[in-house]
Amino acid sequence: QVSADSRLLSNRLIFLEGKIDAGSAGEFVRQILILNQESTEKAIRVLVNSAGGEISSGLMIYDAIQGSRAPVELYCIGHAYSMAAVIVACGSHGRYILPHGEMMIHEPMLGQQVAGNSSSIRSISEGLLEMKGRINRLIAKHTKRSEEEIEKATAYDHFFSPEESGACIIIAYHLHVVELHFFLERQSRINADFFPHHTELFTNALTHSISCDTIIT
């Protein structure tokens with residue numbers, strides 16, 4: 001019997017769930033490589049439901065997405081906080097969020113208590129500021145916003161739903177709010193046998209979804 005994860009991967013679906021760390025990032029890269037070997041033309045869909053995690057591991061996932069020859073679409077299906085929000089915001093081939101999805105952005109934070117002499121603490125602080133600038137530049141690049149706007153938006157824990165006007169500062173550039181039906185209908189175009197008992201649902205899917213051209217501002 002084929003596992004659910006194997007079945008989903010065979011249909012070019014990758015779930016990014018839980019904490020982003022070296023293990024989950026490594027698994028993500030392996031899946032991207034496998035799907036690129038199968039086809040560089042068919043889209044890969046990444047479904048994100050994560051509270052974030054390690055910056056270095058998140059950047060590893062970012063590099064895999066940007067380096068993929070196959071187009072990669074990003075979907076926030078629950079919540080995408082911190083590094084997970086950065087990953088969704090940096091999608092170049094479509095960024096989608098379900099109606100009750102939630103995202104949160106903020107400045108990079110240390111994962112452990114800081115200790116040491118003044119020189120080591122200053123070095124840690126400088127490294128954190130450098131990382132903050134790097135992340136803000138990535139977000140600005142992909143969202144067509146200025147670094148000043150991004151820095152202001154990430155100065156605190158900025159939570160937002162798709163309907164909140166504050167969302168425009170980070171992911172309004174081609175962020176589409178869609179129903180789950182819309183996602184399933186798109187998936188059916190890749191493999192009509194994936195959900196063989198939902199033909200009628202697929203046929204009427206877009207009638208019950210918000211238009212793909214709706215951009216949150």
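Residues numbered from 1 in each chain as written. Predicted model: local features only at pLDDT ≥ 70, side-chain atom pairs only at ≥ 80, totals over all residues. Heavy atoms only, no water.

Remarks on the pattern of salt bridges
(1) Moving on: Counted by the stated rule, this structure contains five salt bridges.
(2) Moving on: We note a salt bridge from arginine 12 to glutamate 38, for which the minimum N-O separation is 3.9 Å. Placement of arginine 12 in the loop between helix H1 (4-10) and strand E1 (13-17) and of glutamate 38 in helix H2 (residues 22-38) is noted, with a sequence separation of 26 residues between them.
(3) Moving on: The buried category is assigned to arginine 12, whose relative accessible area is 3%.
(4) Moving on: Under the relative-accessibility criterion, glutamate 38 is labelled exposed at 53%.
(5) Moving on: A salt bridge links arginine 30 to glutamate 27, with the shortest nitrogen-to-oxygen separation between them at 3.0 Å. In this pair, arginine 30 and glutamate 27 both sit in helix H2, three residues apart, roughly one turn of the helix.
(6) Moving on: Taking the relative accessible area as the measure of exposure, arginine 30 reaches 48% and is therefore partly exposed.
(7) Moving on: Note on glutamate 27: relative accessible area 35%, which makes it partly exposed. (Salt bridge = Lys/Arg side-chain N within 4 Å of Asp/Glu carboxyl O. Helix = DSSP H or I, 4+ residues; strand = E, 2+ residues; numbered from the N terminus. Buried < 20%, exposed > 50% of the residue type's maximum accessible area, 1.4 Å probe, protein only.)

With respect to the packing of H2 against helix H3 (residues 55-67)
(1) Moving on: Close contact between H2 and H3 brings their axes to 8 Å; oriented N to C, the two are set at 10 degrees. Between H2 and H3, the angle falls in the class roughly parallel. Along its contact with H2, which presents Ala22, Ala25, Gly26, Phe28, Val29 and Ile32, the element H3 presents Ser57, Met60, Ile61, Ala64 and Ile65.
(2) Moving on: Broken down by class, the residue content of the contact of H2 with H3 amounts to nine nonpolar, two polar and no charged. (Axes fitted to C-alpha atoms, helices over the stretch in contact; angles between N-to-C directions. Parallel < 35°, antiparallel > 145°, perpendicular 65-115°, else oblique. Contact = heavy atoms within 4.5 Å. Nonpolar A, V, L, I, M, F, W, Y, C, P; charged D, E, K, R; others polar.)

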